Structures are given as C-alpha cells and as structure tokens.
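One letter stands for each residue in the lines below.
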Amino acid sequence: MTGGLTLDALVLRLGARVIAQMSVEVAPSAVLTVMGPSGSGKSSLLAAIIGAAPRAFTVSGRVLLGARDVSDAAPHARRIGILFQDDVLFPHLSVGQNLGFGLPPGQSRAQRQTAIDTALERAGMAGFAGRDPATLSGGQRARVALLRALLSRPDALLLDEPFSRLDAELRAQFRAFVFSQTRAHGLPVILVTHDPDDARAAAGRIMDPMGRELALPGG
Amino acid sequence: MKHGQGGLGGASLLRQVPRVTLLLLFVPVLAGLLGTLAPAFGTGEADWWAAFDSLAAWPGLRRAIALSLASGLVATVLSLAITLLLVASLADTAMFAALRRLLSPLLAIPHAAAALGLAFLIAPSGWIVRALSPWATGWTAPPDVLILNDPWGASLTLGLITKEVPFLLLMTLASLPQTDAARRMAIATSLGYGQVAGFVLCVLPPLYRQLRLPVYAVLAYAMTAVEMAMILGPTLPPTLAVQIIHWMTDPSLAHRGTAAAAALVQLVLVVAALLGWHLAERFARAAVLRAAGSGRRWARADPPLRLFAVAVGFVVAGLLITGLIGLAVWSFAGLWQFPAALPASLNLTTWMKSGPDLARTAGVTAAIALLATGAAAGLVLACLEAEHRFGLTADQRALWLLYLPLIVPQIAFLPGLQRLTLALGAENGVPAVAAVHLVFVLPYVFLSLGPAFRAWDGHFAVAGAALGATPAKVFWRLRLPMLLGPVLTAVAVGVSVSVAQYLPSLLIGGGRVETLTTEAVALSSGGNRRIIGAYGLMQMLLPSLGFAVALAVPRLVFRHRAGMRADLRAGSSGRTAR
Amino acid sequence: MNRRRFGQLTTGVALAAVFGSKVWAEDWQATLDAAKGQTVYWHAWGGDTKINDFIAYVGAEAEARYGVKIEQVKLASTADAVARVVAEKAAGQTAGGAVDLIWINGENFAAMKQAGLLFGPFAEALPNWRLVDKAGKPAVISDFTIATEGFESPWAMAQLVFEYDQATVPVPPVTLAGLQAWIIANPGRFTYPQPPDYLGVTFLKQVLYGVMQEPEALQQPLDEATYEAAVAPLWAFLDAVHPSLWRAGQAFPANEPALGQLLADAEIGISLSFNPGRASAEIAAGNLQATVRSFVLEGGTIGNASFVAIPFNAAHRAGAMVVADLLLDPAIQARAQDPAVLGFLTVLDQAALDPVAKARFDGLDLGVATLAPAALGRSLLEPHASWTARIAADWVGRYGVAQ
C-alpha cells in the first residue's frame, strides 16, 4: 500500500461560498466519517477528491496519496475508488464484464477470468459472472459494486452513503463486509453518511463537511 | 486544481469538432446564397434590372407569392394547432400511445411519397371517390371537379399538414419532459381548469420556447416545398418555388437571371413571414396571459375538443397510411378502371419490369444515405462528447446555426451551391450529393441524438473514471454501447431525411445521380400510377428498414440485459431509474 | 471570368469540334475504336417506361456491337440537361461534361445551337445518314424551321394525332370547327397539356394553322407588326372552348402521359398524342380501353422529328456518335416503329433500304388504333421557333394564372 490519503487544505467553493473544506490525513485501513444533513456538501466533497466536481465549483488545496500528489491528475489517473448510494453497475455488461471493467489491463484473458471468479467466490457469489446485473438482489448488486471497485486496485476508497438503500439487516451485513475488505486491502477510507450507526461501525474520526471534528450523540 | 486530459492525443482535435461542424452547416448555406444571388445581380446594373424586370413581367408573380405565403402560413398554423390539440387533449390515452408508436414510421415517409399517396387518394378518379362510386355518388365516370392541383393550394396545404404534424408532434414530445408538464397539468386540473385550457395556460408558454425553431423550420419548408407542390400544388400558376425550378431548368440564360431574382424574392418572403410569425408570437403570448388572468376554466370545452382531436388524428394518420397502401396496390395492379374500388387483377408485372432499375436506384439512394448519415452521426457524437468533456455549452446561437439549413429555403441556396461545385470542378457523383445531404441530415441527427446523449446518467462516467477508465474508454465502452438504441434511431432519422431529399440530389447530382426520390418525382409527371406506386413504396421502405433495424438491434444485443430493455421501453432515453 | 474570355474559349472549342468531325468523317473506324469501352450518358426524358425500356435495349445493342455502354439519365424535362450544359459552360468546364447525348428538338435545340453549346456538325458523318429520308421527311433537317446543319441527328418521326374512345365518341370531329363544337357540346371531356409543355404548345400551333389567314407566315420569324392580328383567331378559339375544358380550364395535365392517363381513366373523350402508334401500344399493354382509335384533322397535322445532339463538352463524344448512328440502324428503327415497343415513325427512306431491312418494316403489325401511313394525311412543318416561344409565353400570360 502506498500510504494514507491526505487532504491538504482542500476547499470547495461555489462562487464565493465555501461548500466544504477539510485538512485531514486518513491512514491506511482507517476510516474517516463525514456526517451532515443532506445538501451540506458531503457528496460534492467526495466528487472534488476524485476530481469529478461539477464545473461550477472551484477546488483549491491538495489531495495526496502517500507522497503522490494527485491534485492535478484526471479522475481516471488518481486511483481513488468510489461507491455510490446506488450501485451504478453498468446495465449493458454482465456481472463478470462489470468486474472486468475495473481490472487494470495487462493480464491474459485467463488470468483476468480467474481474478474475477476468485473475487466472486470470496464474496459468496460463485458462478455469477455470466449473470445480468438486473437480475441480482440489492445486496448482491452492492457486493458486486464493491468487488468492482476493489479489483481496480485503488489507493483509497470513498463511500458515498453506500448502505442507505439497503434494509437494516442487509445493511449491517454489507457494512461489515465492506470494512473487512478495506482493512484487508489496507485502504484509507472516507465514508459519507447521515446514519450514526454507520459512523459507529466505522470506528474512526468523525467530521462535518467543514472539517470540524464531531462526537457521536450518545456514543 | 486542473484536470489533465491524461494522455488523450485527440483531445485538442475533438475540442475543435463543434466549431468545424457548425462551419460545415453554415458555409454551404452562405456560399450557396451568394452563388444564387450572383446571377440576379449579373455583371452590371443592366442585368440586375433585366432579371427583376423579367420577374415582374411574369403574370403569375403576385399569385405565386400569395400562394407561397398562404399555403405556408395556413399549413404551419394548422399543423401547430393540430399537434398541440393532440398533445393537450389526448395525452395518456390509448389513441395517443398508438399515434406515438406510428410517429417514426409516419416521419420516415418522404414528402414525395406522401404527396403521391395523397394524390391517389383524393383525385376525382382516386380511391375515396372509387370507394363511394357508383353506389353512393352515382358516378360511373370520374367527376369533373378540381381537387388535385387546385388553384387555391388546398390539396398542397393538406399534404403539408399530413407531413408536418408528425414532425411537430415528435418535437413536442421531445420537449415536454423539460417543461414539467405532468405536474403543471395536475395542478391546473385540480384547480378546475379543463385539460386543454390547462395545457394552453400552463404548459404551452414554456413548451413553445422549445418548439420555436422547429416551427420556424416548418414555416420555411411549407412556403418553399418543391416536390409536394409539384405533385399536389396549383399549376396556374405554380407556387413561386416550383416556378423557380421551371426557370432554373429552362434552356435560355435569361431565365436563369429571372430564377435568381425570384429566389431572392422567395428568401425575402420567408424572412418576412418569419418576422411576422415572431410578432404574432408576442400577441399570442399576451392573449394567453390575459386568458390566464380571466379565471375562466373552459372545462366544458374538453369533450368536443377531444372528439375533434380524435377525428383529426385519424384523418392525418389515415390519409398518410391509406395513401401508402394505395401506392402499394397500384404497383401490383393489373387493369383497374374507374369506378372499381380494387383492381380487377393483381400481378407482378410492374415490379418485374422495373425491378433492376428499382434495385439499382435503391442501392444508390442507400449509399448516399449511409455516407451522409454515417458522417453526420460521427460528427454529432464527437460534438456531444466534446461538449461533455470540455464543458462547452450549446448556446442559442449554436442552435440557430444548427437550424440554419432547415430554415433557409433550399430553393434559395442550392442553385448557387450547384454553380459553386461546378466552378470548383467537383465531380457530381454520389460523394458530392452525399456531402450536400450531410448539411440537411446533420441537424436532424443532432436533434434526435442530443437529448438522449445529454440525459445519459453522468454517474456512469464518474464510476468508470474512478475505476481507472480514461475518457475515451468511458465513451467507447460505456456511453456508446449504452446509447446504442438512441444512436441507431438517430441514424434511422438521418437515413429517412437523406432518402427524402429531392432538390439536393437533383441539382448537385446534375441529373446523373438517380435516387428513389428524384425518380419518383420525375415519374409523377408521367401519370403512370403503377410505376409511381412502385417507386413511392420503395422510397418509404428504405427508411422503414432503418427504423426497423434501430428497433430490433438493441433488443437483440441486450436480450439478456433487463436493465437496458427497461431503458428501451422508457423511450430509449438512455436514462436509468435512480 | 469575364464574358470576353468565355467567348474566346467557346469559339476555340467550336473550331476544334469542326476539324475533329472532319477527321472522324474520313475514318469512322477510328470513331468506333475511340468509342469502345466508353459509357455514354444519354440525357432523355424519363417519364415513360416504354421509352426507358427502348433506350435500355439500344444500350444492350450498343454494348454487344461496339462495346459502348449507355447510361440513361432520366429527366423530368429535357431542359434539365440543357441547364446542366449551360451551367457547365458558365463554370468554364469545356471538356469532360456530364452530358454526352441529349434527346432534343425544337426550342431546346435552337437555344443550344445559338449559344454554341453543341458539338458538330457530325450527323452527315454517320454511316447510316445515307438511309435517312431527307426529301420525303423535310423535318429531319429542318427542326422548327432551324436548319439542323448536322448539329443533331434524327432518330424518330412524330406526327400529331387525336385519340378518341369509340365507346363514348361515335363520330370523331375531323375539322377544327368540328372539334370546337364537340368540346362545347361535351363540357369537361377535352383538355391539352399545359403550355409550355411541348404537346400543349403543339396543340396551340395546330389550332393556329387552322384559324390563321395566312399560315405560310409561320415558316418565317414572327413579325411584331402583324403578330397580334395574326394570332387573334387563336385566342378567340381558346376563349370559346376553355370554359368547356376538363376542370373548366382551371387546371391542365402536365404532359402527354398525364393526358393519356386521363383518357385511360375515361375522364376525357378525346386526347392528343405526338406518337401515332401510342394508342395501339397502350391498348396492347392493357393500359387503355380497346375501343380507342385515332384520327387526324383534314388539311394535315403538325409533324416533326426527334433528334439526338452532343454537347460541345461531352466527355464521351465518340461513344455518343456511335449511339447516334446505331439509332439510325434499320433494325433499331423497325423496332422503334413496332407498336408493341414504341410505335415511333421511322426517319428512314424505305426506298433506300435493302430487301432484308425493308421486310422488317413491312412485317410490322401497326395495331388496331394506328392510322395507316396513307390515312395519316399531310404532315405540316413546325412553325418558326419564334412563334412557338411567343405563343407559349402569351398563353401563360392569358391563361396561366387561374381566374
């Protein structure tokens, strides 16, 4: 692993108004939770980190992965993965092709197929490679989205309320699965959520979009 | 923070594509206009006056001008009114759904084929009279009444309406989602307004803003249509546009000057009509606002209006479809004398005899259509991708340029373009014709593909980039395949536009490039209904094939992808449920 | 480019053409060699499938005999091809033009010849020229009083005939006065193609021949001083019949096929054609009632020849000449006269033919509706082109704007 994810005086503005700002270092395997009401700029902050902030925004400050400054890199060159609230599986590709889309190039077909099959097997979805994503359950789709992100070998992972659409039981299960995976890969993680349970499970620092440290109510 | 383009070699090239594309539309139109006007102004003042003198001396001038204005304005007003009435009073009914499904096939019918079909239908010896004779009318010979080519241009106007309503309907359906129509209508009706009144007062104002340019295109087209006017229009005198073609193709040089002068008059007429229309828009808008302030609900107007809309919808679609069936029947007809409603016998003689010619002509037509549409689709996709990647926004000016070839009358700039291509020594083969078709095909491909392309869910692109995919990979592997349906539909639209072109093929092809449309119009003067039927039918089969492919291929390719099929059902907008 | 340079250019081209034709006249074989492998773009009106089929047949023959291909460019109007050559000349294109051969006569020929848009003289250089009946059919060298001077080569004769349906018109009117009376007595049952259509103007000229005091004047360019008085009877005739025409004269068929369709649809009872064999051919094809017959007016009807001409800048001049010669071949001429094919009258002198060729013509069954050559009566020469242009223009002024 290349090290932690550092936001160095990152400020996101819309016109003159500051939408979000943050100066923080997230160590490998650590989780930073960003909490705030909807519309408070959490998602825009994540967009700025991966380099996909809408053009109306201005972004200043630096984003570092270990010692690598990716502030000026295009989104695809940053190696920062992201999971959205909905899974954003590509509907025209099979489950296996979705995973293959994330795999970096440079391996033989057989090697790529093996990587895909192994990932599915570990997630308890062996034999799903040929399936149409539209036929999967919500929990299965969420898992495929995570696997796809991990297969692209990111240096950090951003989670944009990825659990909010799942029902309570599935949610705890999937959350545990995600954090076990990110820890196994030693990834620094930023989690955006408005659910205190998520924050509790993340067991890391908690901030609001303006970079102020928060304490969990009753926690 | 800047975004590097990450080793994308063609980025700067791609960035220029929108500008180049607009130039491709703008330059031929401008150059053609100048080329056309040159002979009007001749080489000296004497020629200038001579051209306008000879035009003024033509006894039919006033009437031809009046015909152009009247048929154009009446056709536009009625087409727009019918379209809005259909949308306002029939939305969400089974009939509207049926009309909506018919829309693409109806649009694909070239103007010439529609006119020929209509002529077969409404002529005194046509199908309608035959169906009623002699049992209802007592006629054993066709009645001596002037229906086709009537001096008032009524048949022409009817023909124009049957073709322009489907176009405006399509443009309206494309614009409705941006007007928040459903919620506005729900509020209006909950306040007690009638459905049509609610539509006019609450939805029409924002809707019309989107419809304005298509309406202008309809007005300009209706005033200057050549092939429909040649088939259905008056002949004593013909409309100004048809008379220009007569002069243009007259052997003596003097008439070329007259033609150029008339083309200038035609251009001025169109501009004046557009300005007049623009003024009328303000009055109409003020009237709508006044009506909205009056508090009247007009709820009781709904039932009769709905009935009327149903009738008009049936007539418009019915005329087009029955006319085409008439074309088909004539092409297989043996002896078919008046007043028999059906031919005494059916045979394949016409098709066998003209088979080789038809096949060759259809091949040329398809080649031109595919060349022009292929180029148009490539340019449009590049434009839209550049717009997306570089955050360019298509401003109002760009939109006007896009509509320029649809609004500037073909009759005003194609003759000049023909002179220019000759002067440049361009070979007037299939490539030259295809290049000029591109000017007309491209706007329609853009209008067809643009909304779907822009509506494509940006999350897919972000997700792709976060997985390490370059913008190029996102385009080729995600956006393009996911937009397969809309892209193929846009190609089908382009093909249908190209197939329908008459003047560009005739003038730029120099008579050497025969397309189904130039053949059908040339044959229409001969009155042989069987062969006209065969060509008319082929003329509409080709675009229909395009739409069939656009419908079938995505269904086949994505037969195991429920998520994509849901998109197709939702109107191929490419948007996924979120 | 200014006008003077145009002039110099075209003079040069015309001179080259004259010398060129002399060379070819000496050695037809050289023309055949040059033509081999060429594709001749023959611009011809394409509104009639039978004519199109005939051209396709000539194309097959030309390819089989001389290795020359014919590509028919089907026109809505011959003027389209003329306009094309005009445009090419205006653009300075003096070679490699799009038009190799035009089916032409009358006004179009006069305009092109006058403007120096034609290659020639070439017609006299064609081997089959010696078979053409110059003496018996003066129209083959005098096209609307314009001497052809070898700038066009004839390939068919035509004569105006009237067609009528015996079922509805038992006794056809064979005088102009009789026709006028019949039209008025049978409103809506007669019409003619809308001038300036060729057949429509021919009808006007036919009427003019019948009502004019001194029809001989038609062979001279019209005299402005006497024109109005000379044509007044024509307008009087038309004023009398127009209210009784088909659609009350508020609309006219576009051309000959459209008029023929009206007869086939029984909308009208008397029709005209410039092809004496048309009715028989249409009956044979099942497109026309078997009861249709032909008649001509006492005193004769207008006749003329159809020609082919070669533009000054034709890309495939040798091939075009070979096609023009092939069109005069007795076998092709006999085929054109066969009512089952075209029913066009031949331009050849029957006395000049060898027995085999003559037998081809004698063996033709002209068909039920076709008048025997003797019954066709006198063939009147076309008036001078100035009359044609003027009465067509005046017709448009008088009747071309519906009341």
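Residues numbered from 1 in each chain as written. Chains lettered and ligands numbered in written order. Predicted model: local features only at pLDDT ≥ 70, side-chain atom pairs only at ≥ 80, totals over all residues.

(A) Representation of the overall build of chain B in the model. What chain B contains, in helices and strands, is 24 helices and zero strands. Taken against the 2.2 N^0.38 rule, which gives 25 Å for 578 residues, the C-alpha radius of gyration of chain B at 25 Å falls within 12% of a compact globule. Projected onto its principal axes, the C-alpha positions of chain B cover 75 × 60 × 55 Å. With 578 residues in all, chain B has 54% of them scored as buried. Within chain B, contacts between residues at least 6 apart in sequence are counted, and of these 81% link residues at least 24 apart. (Helix = DSSP H or I, 4+ residues; strand = E, 2+ residues; numbered from the N terminus. Rg over C-alpha atoms; globule rule 2.2 N^0.38 Å. Buried ≥ 20, exposed ≤ 12 C-beta atoms within 10 Å, placed from the backbone. Contact = placed C-beta atoms within 7 Å.)

(B) Geometry of the pairing of strand 1 (residues 5-14) of chain A. Residue and element names in this part refer to chain A. Both strand 1 and strand 2 (residues 17-26) contribute to a ladder of eight bridges, which runs antiparallel. Within the sheet, the bridge partner assigned to V11 lies in strand 2 and is Q21. Connecting strand 1 to the antiparallel partner strand 2 that follows it, the hairpin turn spans two residues, and G15 within it adopts a positive phi of roughly 70°. The sheet contact formed by strand 1 and strand 4 (residues 57-65) spans eight bridges and is antiparallel. Among the inter-strand pairings, L7 is bridged to a residue of strand 4, identified as V63. (Pairing = 2+ DSSP bridges.)

(C) Molecular detail of the packing of helix 7 (residues 154-175) of chain B against helix 13 (residues 302-332) of chain B. Residue and element names in this part refer to chain B. Running from amino to carboxyl end, helix 7 crosses helix 13 at an angle of 110°, the nearest separation of the two axes being 10 Å. Classified by the angle between their axes, helix 7 and helix 13 sit roughly perpendicular to one another. Contact residues: I161, T162 and V165 in helix 7; V316, L319 and L320 in helix 13. When its residues are assigned to classes, the contact of helix 7 with helix 13 shows five nonpolar, one polar and no charged. (Axes fitted to C-alpha atoms, helices over the stretch in contact; angles between N-to-C directions. Parallel < 35°, antiparallel > 145°, perpendicular 65-115°, else oblique. Nonpolar A, V, L, I, M, F, W, Y, C, P; charged D, E, K, R; others polar.)

(D) Looking closely at helix 4 (residues 78-90) of chain C. All names here are of chain C. The terminal C-alpha atoms of helix 4, which comprises 13 residues, lie 19 Å apart, in line with the 18 Å expected from a rise of 1.5 Å per residue. With 12 of its 13 residues buried, helix 4 lies for the most part within the structure. Taken together, the buried positions of helix 4 are occupied by T78, A79, D80, A81, V82, A83, R84, V85, V86, A87, E88 and K89. In the segment just after helix 4, G92 is the residue with positive phi, at about 80°. (Expected span 1.5 Å × (residues − 1).)

(E) Region of the structure containing the interface of chain C and chain B. Contacts between the two partners involve 49 residues from chain C, matched on the other side by 42 residues from chain B. The set of elements that each furnish at least two residues to the side of chain C that touches chain B consists of strand 1 (39-45), strand 2 (69-75), helix 4, helix 5 (106-114), helix 9 (256-264) and helix 14 (385-399) of chain C. Broken down by element, the residue count for the side of chain C that touches chain B peaks at 10 residues, all from helix 4 of chain C. Class assignment for the residues of the side of chain C that touches chain B results in 25 nonpolar, 15 polar and nine charged.

(F) Broad picture of the confidence of the model for chain B. Residue and element names in this part refer to chain B. Here chain B averages 86 in pLDDT, while 93% of its residues score no lower than 70. Within chain B, helix 19 (residues 471-482) carries the highest mean pLDDT (94), whereas helix 24 (residues 562-569) carries the lowest (67). Here residues 1-9 is modelled with pLDDT under 50, and outside its nearest four sequence neighbours on either side it reaches 18 contacts, counting other chains as well. Here residues 569-578 scores under 50 on pLDDT; set against residues more than four positions off or in separate chains, the count is 21 contacts. (pLDDT = per-residue confidence, 0-100.)

(G) Up close: the nonpolar core. Core analysis: the biggest nonpolar cluster contains 380 residues, and V380(B), V445(B) and V323(C) have the highest contact counts within it. The biggest single contributor to this core is helix 9 (residues 195-224) of chain B, with 19 residues. When neighbours within four sequence positions are excluded, V380(B) is seen to be in contact with L442(B), V445(B), F446(B) and L449(B). (Core = buried A, V, L, I, M, F, W, Y, C linked by C-beta atoms within 7 Å.)

(H) Structural context of the environment of A98(B). Assignment of secondary structure puts A98(B) in helix 4 (residues 94-108). Its 13 C-beta neighbours within 10 Å are what place A98(B) among the partly exposed residues.

(I) Broad picture of the interface of chain A and chain B. At the interface, 32 residues of chain A touch 29 residues of chain B. Taken together, the elements giving at least two residues each to the side of chain A that touches chain B come down to helix 2 (75-78), strand 6 (80-83), helix 3 (95-102) and helix 5 (138-151) of chain A. The class makeup of the residues in the side of chain A that touches chain B is 18 nonpolar, eight polar and six charged.

(J) Summary view of the sheet that holds strand 2 of chain A. Taken in spatial order, the four strands of this open sheet run 2-1-4-5 (chain A), and their pairing is antiparallel. Looking at strand neighbours, the two that pair on one side only are strand 2 and strand 5 (68-69) of chain A, the edges of this open sheet.

(K) Representation of the sheet that holds strand 9 (residues 292-295) of chain C. Residues and elements named next belong to chain C. Read across the open sheet, the three strands follow the order 8-7-9; overall the sheet is antiparallel. The open sheet has two free edges, formed respectively by strand 8 (270-273) and strand 9, since each of these has just one partner strand. If you compare each strand with its neighbour and ignore which way they point, the axes differ by 30° on average. Here strand 7 (residues 161-165) pairs with strand 9 via four bridges, running antiparallel. Paired with E163 across the bridge in strand 9 is S294. On top of the sheet, helix 9 reaches strand 7, strand 8 and strand 9; it is set at about 150° to strand 8, its chief contact.

(L) Region of interest: the environment of N313(C). Residues and elements named next belong to chain C. Looking at the secondary structure, you find N313 in the loop between strand 10 (301-309) and helix 11 (317-326). The buried category is assigned to N313, around which 22 C-beta atoms lie within 10 Å. The spacing of N313 and V99 is 214 residues in sequence and 8.0 Å in space, taken between C-alpha atoms. Every residue in contact with N313, bar those within four places of it in the chain, is listed here: E88, Q93, T94, A95, G96 and G97.

(M) Region of interest: the arrangement of the chains. Where the two pairs of chains in contact are concerned, the greatest contact count is recorded for chains B and C. No part of chain A reaches chain C; the closest C-alpha pair between them is 49 Å apart.

(N) Looking closely at the packing of helix 14 (residues 349-389) of chain B against helix 17 (residues 430-455) of chain B. Residues and elements named next belong to chain B. One way to put it is that helix 14 packs onto helix 17 with a least axis distance of 7 Å and a crossing angle of 45°. Overall, the two elements helix 14 and helix 17 adopt an arrangement that is oblique. Handedness of the helix 14/helix 17 crossing: right-handed. Where helix 14 abuts helix 17, its residues V364, A367, I368, L371, A372, T373, A375, A376, A377, L379, V380 and L384 lie against V430, V433, A434, H437, L438, V441, L442, V445, F446, L449, G450 and F453. Of the residues belonging to the contact of helix 14 with helix 17, the class tally is 21 nonpolar, three polar and no charged. (Left-handed = near helix turned anticlockwise from the far one by under 90°.)

(O) Seen up close, the environment of T78(C). Along the chain, the position of T78(C) falls in helix 4. Excluding residues within four positions of it along the chain, T78(C) makes contact with W45(C), I102(C), W103(C), I104(C) and N108(C).

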